[in-house]
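Structural characterization, general
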Amino acid sequence: MSGTMVNDPTNGLSEQQLEVRRMARELAREHYAPLAARWDAERLPLPHEERRRLGDLGLLGITLPEEFGGSGAPVLDALVVIEELAKECRPAAFQVFECTTGPAAVVNLLGGDELRARCLPPVIRGDATMAVAISEPDAGSAATDMTTRAVRDGDSYRVSGSKRWISGGGHADQYLLYARLADVPGARGIGALVVDADTPGISYGAQEKLMGFRGIPSCDIHFDDVRVPAANLLVDAGRFRELFTGFSLERLGNATMSLALAQAAVDRTVDYVQTRTAFGKPLIEFQATQLTLADMVLQVEAARLLVYRAARGAGRGLPSPLEVSLAKCTANETAKRVTDLAIQLHGGNGYTEEYGIERLHRDAHGWALAGGTPTMQRTRIVSELLGRSFDQRR
């Protein structure tokens, strides 16, 4: 069930960006909306042919270089597409997210020419997927506690350890693996490699059964003395700050997923309260409904301004970590609050699967947990604001 926006401002988007938005919105509503509920109910990942459809439409390479088959557009162009797809179908939006703001984008920004030329074209076409592997069973928010190791051995690295909470885990063709490449504590020893999913020594746990994120696979991955070519090294130890600045781009994509959930909740609620009656008149005639709807719109528009500011500041490069943390924290919490208010205004219907509101709410909690929780973003906001780090271990 899809809502119709009563007021659809341009928000300073160019004519080209508005055209991209119109195309993505039509694709989402006409093609993906009828499929999304079933994929969620049956926990089905996006079919390969759908990923290739997105590739054929040029949506997977929006921000990636033209020399590899992409469009080389600013990150805001990708966020516009992610939002429209995510309003209806998060698994479809996730494919664009991973390519344009996720691990593929990090490879493009930090990788050498040979690695980029090898990894990016199949991702842009939709022939291959890449997922990021950072978290571990005992290293979630405290990512620098990771123990997965990659030890240089001639012309390759030997990787041992385990990773958890990998969106795309068990289905991706490659993993951007964060690992300890030097025997020094904390962030200084961490780097990253690109690892092919079918490399001998890799094994996969059972697929997680999550509250939301259904259709976006997730599982543990175990590395048992896995040999990875040295040519697959993306960032060596000592460049952790670059890696996590690159990860800011993924957080911006995450914020956009949350923004989409909140906007979809507003759109559907606007439709509902104008057509649903109680006590002989439409719900919108009640002042309590008006005040609640106004709060929903206020929160969504504030989140959008922060997301767009960070995107415009990034251009075709990396965004400000401070602006991204502000956007992510706000958008994550907005999505949770606004989808919850949408359930309340839909009453019992909001609690059913038929109207799709409960699905928005379940997914909103997932995006708030992924990529650094709002609590962690608050810590980063102060750290970036003051230009200093805080040791959470003391």
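Up top is the structure these notes are about.
To start, this report covers the structure provided alongside it. (Residues numbered from 1 in each chain as written. Predicted model: local features only at pLDDT ≥ 70, side-chain atom pairs only at ≥ 80, totals over all residues. Heavy atoms only, no water.)

1. Things to note about the overall build of the protein chain
The helix and strand inventory of the protein chain stands at 11 helices and 10 strands. Against the compact-globule benchmark of 21 Å for 394 residues, the protein chain has a radius of gyration of 21 Å, which places it among compact chains. Along the three orthogonal principal directions, the C-alpha set of the protein chain runs to about 80 × 50 × 40 Å. Here the protein chain holds 394 residues, and 54% of them are scored as buried. Partitioning the intrachain contacts of the protein chain with sequence separation of at least 6 by distance along the chain shows that 72% fall at a separation of at least 24. If you sum the accessible surface of the protein chain, you get close to 16700 Å²; carbon and sulfur atoms cover 51% of it. (Helix = DSSP H or I, 4+ residues; strand = E, 2+ residues; numbered from the N terminus. Rg over C-alpha atoms; globule rule 2.2 N^0.38 Å. Buried < 20%, exposed > 50% of the residue type's maximum accessible area, 1.4 Å probe, protein only. Contact = heavy atoms within 4.5 Å. Areas by Shrake-Rupley, 256 points an atom, 1.4 Å probe, with all protein chains shown as cover.)

2. Digging into a nonpolar patch on the surface
On the surface, V382, L385, L386 and F390 cluster together into a nonpolar patch covering about 370 Å² of accessible area. By secondary structure assignment, the location of V382 is in helix α11 (residues 374-386). (Patch = residues over 30% accessible without salt bridge, like charges linked within 9 Å, V, L, I, M, F, W, Y side chains within 5 Å. Salt bridge = Lys/Arg side-chain N within 4 Å of Asp/Glu carboxyl O.)

3. Some words on the nonpolar core
Counting residues in each nonpolar core, the largest one holds 99 residues, and the members touching the most others are Y32, L85, Y178 and L234. Every residue in contact with Y178, bar those within four places of it in the chain, is listed here: V132, A133, I134, M146, K163, G191, A192, L243, F244 and F247. (Core = buried A, V, L, I, M, F, W, Y, C linked by side-chain atoms within 4.5 Å.)

4. With respect to the packing of helix α1 (residues 15-41) against helix α3 (residues 75-88)
Where α1 contacts α3, the two axes come as close as 7 Å, and the packing angle between them is 25°. Viewed along their axes, α1 and α3 adopt a mutual orientation that is roughly parallel. Relative to α3, α1 is oriented so that their crossing is right-handed. In this structure, α1 contributes Q17, V20, R21, A24, R25, L27, A28, R29, Y32, A33 and A36 to the contact, and α3 contributes L76, D77, V80, V81, E84, L85, K87 and E88. (Axes fitted to C-alpha atoms, helices over the stretch in contact; angles between N-to-C directions. Parallel < 35°, antiparallel > 145°, perpendicular 65-115°, else oblique. Left-handed = near helix turned anticlockwise from the far one by under 90°.)

5. Focus on unusual backbone geometry
Its identity is not glycine, yet N11 carries a phi of approximately 55°, on the positive side. Turning to its location among the elements, N11 is positioned in the segment before α1. We note that R43 has phi near 55°; this positive angle belongs to a residue other than glycine. Among the secondary structure elements, R43 is positioned in the loop between α1 and α2 (48-56).

6. Description of α11
If you check α11, its first and last C-alpha atoms are 18 Å apart, about what 13 residues at 1.5 Å a residue would give, namely 18 Å. Restricting attention to buried positions, one finds in α11 the residues P374, Q377, I381 and S383. Considering only its buried residues, α11 is in contact with α7 (240-275), α9 (321-346) and α10 (357-369). Of the residues trailing α11, G387 is marked for its positive phi of about 70°. (Expected span 1.5 Å × (residues − 1).)

7. A word on the pattern of salt bridges
Between side chains of opposite charge, pairing is possible as soon as their charged atoms come close. By the definition in use, this model includes 27 salt bridges. We note a salt bridge from R304 to E301, for which the minimum N-O separation is 3.9 Å. Of this pair, R304 and E301 both sit in helix α8 (residues 287-314), 3 residues apart, which is roughly one turn of that helix. Using a relative accessible area of 6% as the deciding quantity, one classes R304 as buried. Residue R380 is joined to E384 by a salt bridge in which the shortest nitrogen-to-oxygen separation is 3.5 Å. With a gap of 4 residues between them, R380 and E384 both fall in helix α11, about one helical turn apart. According to the relative accessible area criterion, R380 is partly exposed, its value standing at 24%. Overall, the relative accessible area of 30% leaves E384 in the partly exposed class. Because the salt bridges share partners, they merge into one network encompassing R25, E83, E84, K87, E301 and R304.

8. So, the packing of aromatic side chains
Evaluated as defined, the whole model comprises 10 aromatic pairs. Taken together, a centroid distance of 6.2 Å and an interplanar angle of 55° make the contact between Y32 and W39 tilted. Here Y32 matches W39 in class, with each residue buried. Taking 6.3 Å as the distance between ring centres and 40° as the angle between the ring planes, the aromatic pair formed by Y175 and Y204 counts as tilted. One end of the pair, Y175, is in strand β4 (residues 174-180); the other, Y204, is in strand β6 (residues 202-204), and 29 residues separate them in sequence. (Phe/Tyr/Trp six-rings, centres within 6.5 Å; stacked < 30°, edge-to-face > 60°.)

9. What about the environment of P185?
For P185, the location among the structural elements is in the loop between β4 and β5 (190-196). For P185, a relative accessible area of 59% corresponds to the exposed category. Between the alpha carbons of P185 and S320 there is a distance of 27 Å; along the sequence they are 135 residues apart.

10. Considering helix α4 (residues 90-100)
The element α4 is extensively covered by neighbouring structure, given that 11 of its 11 residues are classed as buried. Residues of α4 that are buried include every one of R90, P91, A92, A93, F94, Q95, V96, F97, E98, C99 and T100, and no others.

None of this, on its own, says anything about what the molecule does.
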